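Examination of the molecular architecture
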Number of protein chains: 2
Amino acid sequence: MKIELICTGSELLTGRVNTNAAYIGSRLLALGFELYSVTDVWDREHDLLCAFKRAFKRSEAIIVTGGLGPTFDDITVEIAAKCLRLKLYTNKKVLKSIKDYFLSRKVDLIPKINAKQANIIDGAKVLENRLGTAPGQMLRFEFKDGKTKHKKTLFLLPGPPKEMSSIFESEVVPFFKNCVVGIKKVVGIRKNEVLHIFGISESAVAEMIRPVLEEAKFGVCKSVEFGIIANASIVDLKFSVSGTNENLVSETIKSLRSRFDDILKDYIFGANNDTLASVVGRLLLENRKTISLAESCTGGKIAAMVTDIQGSSLYFKNSIVAYSNESKIKFLEVKKETLMKFGAVSPETAEEMAKGVLKLSGSDYAFSVTGIAGPDGGTKEKPVGLVYVGFSDQTKTKSFKFNFTGERNDIRERSANTVLDLLRKKLISLKANDH
Amino acid sequence: MKIELICTGSELLTGRVNTNAAYIGSRLLALGFELYSVTDVWDREHDLLCAFKRAFKRSEAIIVTGGLGPTFDDITVEIAAKCLRLKLYTNKKVLKSIKDYFLSRKVDLIPKINAKQANIIDGAKVLENRLGTAPGQMLRFEFKDGKTKHKKTLFLLPGPPKEMSSIFESEVVPFFKNCVVGIKKVVGIRKNEVLHIFGISESAVAEMIRPVLEEAKFGVCKSVEFGIIANASIVDLKFSVSGTNENLVSETIKSLRSRFDDILKDYIFGANNDTLASVVGRLLLENRKTISLAESCTGGKIAAMVTDIQGSSLYFKNSIVAYSNESKIKFLEVKKETLMKFGAVSPETAEEMAKGVLKLSGSDYAFSVTGIAGPDGGTKEKPVGLVYVGFSDQTKTKSFKFNFTGERNDIRERSANTVLDLLRKKLISLKANDH
């Protein structure tokens, strides 16, 4: 089934990151489908018409995001109707729900412009929007290509990511789940997995797994595909298997996973929706350990990552973001002499920071980071990218030295990931010693 | 000039956010150009060929990102050459620079697979990559459409964002700057501005500025375009003006800006590349004030935003990310009784947190945040989304109450933006009182 996504909005062509495409791509993948292409277009009549015409011709399911809002540049519904030569009508139920939405927010009068959002394409199903005023629409239509007719499905979804994903989950996912049942019988099924890897380069991963890729060419499944992609310091290894025999597909996925586990060992920190912070969180819970942090160059980034995970209050105590020397002394009990003698970016300071926060917060483990994120502040002895990580628990305190490359944000991100990965390895070794 | 972008890589269709498109779109805009469309395609021969053929036909400049890497799924160069019926050759200078790159990283042997990155399209200019092994390529070619020939330009850039942007700045930007000189004479110039707005909804902004939009229709410039887009709690208002008379275009931009300033007043926190954190940073420097934070539900997010700005050590002292009650007592001197009597999420606790961190860090201002980010932890009296912000300076301490809607991450982000915006307004009022 050919599925394509059209994202409309001038912002996507002028600097705004398209997170809807990422969301929809990953969700379709999880359902066993592949997004064939993503097109970002301007919210201008001509551009939208061209994109719609091409999509209606070549794809069986077309998802459009954006342009359902109340403002003058929201023209998706009009243009879709025009392209399919269908009429629009004002849906009274939708109009009422828009009124209710504003009432619930204690606004008595609907802004005039919002009424336009009750315009529905003739024959379309209204997809309720619980988080905003723009409903989605789903339309099944026939497309004539020469003499043959093709059944196609069009989804119009709002652009704001939360509204889009809410409607996507409640209305679009069930549609594709139903499709799976029909498709399975004909072309078989497809399964995917993504492994997340830290601490090794993209090229190195590619070289290490080459034998597996070679073998896969001669495997039993109809098609095995691989992809490797690096994002800052994290490498993702994706593989997908399709075939008509579900058991065989599952077993192939399983055996590939176990081969990769053997080769890449604990460079692999997780799979699919895992993040370093979610994996670390799970391990802390399992081991009933708590953590505290003392951050200098990462400036709160690690704490923000850890607390992004719901329920993190069960294992996260605190982070002291001590940017100034003064704060390191006051909040972390780093000695003034240590700072004077060795400097803020030194193994000695890193260790005292970790020790200090461990003692004061009473956590089981503490990590600290101090480094030079740049672009200024580097010297010959202590260049930009020099980062010390301190670790402390009830029995010992130590530090690790790193020389990271890249720009300010790379260095901060790599430092944060490094701390989380060190913690992960610490927790895994605990578990190994248990057995 | 029709410019389009093709981004290749399976990751873009399966869940990875495309930041390259955002970067290139915003940079072209700044140069006075418009990206006509963005297409994300799989790194598969057939899909890439289709995308290239369409782009070579319809656009004058085609930028491709991704697929220049060393691994098996990197096929951009091959397919581009195939599409244009050109040959590839091994460029010795590039091969040497790949060797040097690995030597500089203390790797003696080039991984075999990296040698492929020295394959250059016949006639292409090599675009040096200072941050990685994959060089970019620029090719000027003639495209025959029926009997007429069109001169076109193709850029192949690496996928990793840092490498892409580095080559984009050094090699692609000068190309477009040169084009500007030629184009200006014929079709005139184009200028853009984006205003960033906080504290008011997208619909409200649209209603408020409607009179300006109506007037603009009858203005003197050839074309004035507007766009409004909301992202979480921040609304962007974009406007662009084009015409043949540069002075007129500049004046129209200026007068629009001043109209918007009058209407939206200090809801506008910045323009173009400004962020709340960069604006606040600038104001803190100008006013020679320092800041400290006490974060509970934002978990370090505010500190991470503030320290994303280079030079923030001049005005940022520290943030105490006190997630547990214990930490609030130990690091912020919040009274145990306050926590017992009013709870962690209360105006009293917010105020003590702000007061505590102000006193201990010795900063001029302190802000605190405590709230329920969810999805768990809400009660009838204190629902998910309830957030208190505390403020303290040498003269007073107070608190603000908010009821935010949305999911965990929305609430955290909105809380963080709210604190930065409160600080911004505080600093602006200082400035106003000066005069």
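Look up a bit, the structure's there.
Treat the numbers as computed from the prediction; the structure is a model and nothing was measured. (Residues numbered from 1 in each chain as written. Chains lettered and ligands numbered in written order. Predicted model: local features only at pLDDT ≥ 70, side-chain atom pairs only at ≥ 80, totals over all residues. Heavy atoms only, no water.)

1. Notes on the sheet that holds strand 3 (residues 61-65) of chain B
Across the sheet, 12 strands lie side by side as 6(A)-7(A)-8(A)-3(A)-1(A)-2(A)-2(B)-1(B)-3(B)-8(B)-7(B)-6(B); this open sheet has mixed pairing. At either margin of the open sheet sits one strand with a lone partner, and together these are strand 6 (125-127) of chain A together with strand 6 (125-127) of chain B. Sheet twist, expressed as the mean angle between neighbouring strand axes with direction ignored, is 25°. Pairing geometry for strand 1 (residues 3-8) of chain B and strand 3 of chain B, over 5 bridges, is parallel. Bridge pairing links B:Ile3 to B:Ala61 in strand 3 of chain B. (Pairing = 2+ DSSP bridges. Helix = DSSP H or I, 4+ residues; strand = E, 2+ residues; numbered from the N terminus. Axes fitted to C-alpha atoms, helices over the stretch in contact; angles between N-to-C directions.)

2. A closer look at helix 11 (residues 325-332) of chain A
Taken residue by residue, helix 11 of chain A has A:Ser327, A:Lys328, A:Phe331 and A:Leu332 as its buried positions. For helix 11 of chain A, the buried positions fall inside an angular range of 105° around the axis, keeping them on one side. (Buried < 20%, exposed > 50% of the residue type's maximum accessible area, 1.4 Å probe, protein only. Arc of directions from axis to C-beta.)

3. Re helix 2 (residues 19-30) of chain B
All names here are of chain B. The end-to-end C-alpha distance of helix 2 is 17 Å, a good match for the 16 Å that 12 residues give at a rise of 1.5 Å each. Turning to helix 2, its buried residues are Asn20, Ala21, Ala22, Ile24, Gly25, Leu28 and Leu29. Positive phi appears at Gly32, one or two residues downstream of helix 2, with a value of about 95°. (Expected span 1.5 Å × (residues − 1).)

4. Considerations on the relation of the copies chain B and chain A
Least-squares fitting of chain B to chain A yields an RMSD of 0.1 Å, with the transformation described by 0.0 Å of translation along the axis and a rotation of 180°. Considering both components of the superposition, the chain copies are consistent with a two-fold axis. (Least-squares fit on C-alpha atoms with pLDDT ≥ 70 in both.)

5. Structural notes on the packing of helix 3 (residues 45-58) of chain A against helix 4 (residues 76-83) of chain A
All names here are of chain A. Closest axis-to-axis distance for the helix 3/helix 4 pair is 10 Å, and the angle between their directions is 50°. When the axis of helix 3 is compared with that of helix 4, the two are oblique. As for the relative orientation of helix 3 and helix 4, their crossing is right-handed in sense. Contact residues: Glu45, Leu48, Leu49, Phe52, Lys53 and Phe56 in helix 3; Thr76, Ile79, Ala80, Lys82 and Cys83 in helix 4. When the residues that make up the contact of helix 3 with helix 4 are grouped by side-chain class, the tally is 7 nonpolar, 1 polar and 3 charged. (Parallel < 35°, antiparallel > 145°, perpendicular 65-115°, else oblique. Left-handed = near helix turned anticlockwise from the far one by under 90°. Contact = heavy atoms within 4.5 Å. Nonpolar A, V, L, I, M, F, W, Y, C, P; charged D, E, K, R; others polar.)

6. Structural notes on the nonpolar core
Membership of the largest hydrophobic core comes to 69 residues, with the highest contact counts inside it found for A:Ile291, A:Phe316, A:Phe367, B:Ile291, B:Phe316 and B:Phe367. In contact with A:Phe316, other than residues within four places in its own chain, are A:Ile291, A:Leu293, A:Ala303, A:Val306, A:Thr307, B:Val321 and B:Tyr323. (Core = buried A, V, L, I, M, F, W, Y, C linked by side-chain atoms within 4.5 Å.)

7. Let's talk about the environment of A:Glu163
Residue and element names in this part refer to chain A. Checked against the element boundaries, Glu163 lands in helix 6 (residues 161-187). Along the sequence, Glu163 and Thr298 sit 135 residues apart, while their C-alpha atoms lie 32 Å from each other. Every residue in contact with Glu163, bar those within four places of it in the chain, is listed here: Asn129, Leu131, Gly132 and Pro158. Here the side chain of Glu163 touches Asn129 through a polar contact of 2.8 Å, side chain to side chain. (Polar contact = N/O pair within 3.5 Å; in protein donor to acceptor, adjacent residues only side chain to side chain.)

8. Focus: the side chain of A:Asn91
All names here are of chain A. When you line up the elements, Asn91 lands in the loop between strand 4 (88-90) and helix 5 (92-104). Exposure remark for Asn91: the relative accessible area of 12% places this residue in the buried category. Of note is the side chain of Asn91, whose polar atom sits 3.0 Å from the backbone nitrogen of Val94. With near-sequence residues (within four places) excluded, Asn91 lies in contact with Ala118, Ile120 and Val126.

9. Examining the interface of chain B and chain A
Listed by partner, the interface residues are 88 residues for chain B and 86 residues for chain A. Summed over both sides, the interface of chain B with chain A buries roughly 7,300 Å², with 51% coming from carbon and sulfur. It is B:Arg16, B:Tyr323 and B:Phe331 that lose the most area in chain B upon contact with chain A, and together they represent 9% of the buried surface on that side. Where chain B touches chain A, the interface holds 12 salt bridges. Close ionic contact of B:Lys317 with A:Glu326 constitutes a salt bridge, the shortest N to O distance being 3.0 Å. There are 48 residue pairs in polar contact (both at pLDDT 80 or more) connecting chain B and chain A. Tallied by class, residues from the side of chain B that touches chain A come to 30 nonpolar, 30 polar and 28 charged. With 5 bridges joining them, strand 2 (residues 35-41) of chain A and strand 2 (residues 35-41) of chain B adopt antiparallel strand pairing. The residue bridging A:Thr39 from the neighbouring strand is B:Thr39, located in strand 2 of chain B. (Buried area = accessible area lost by both parts, 1.4 Å probe. Salt bridge = Lys/Arg side-chain N within 4 Å of Asp/Glu carboxyl O.)

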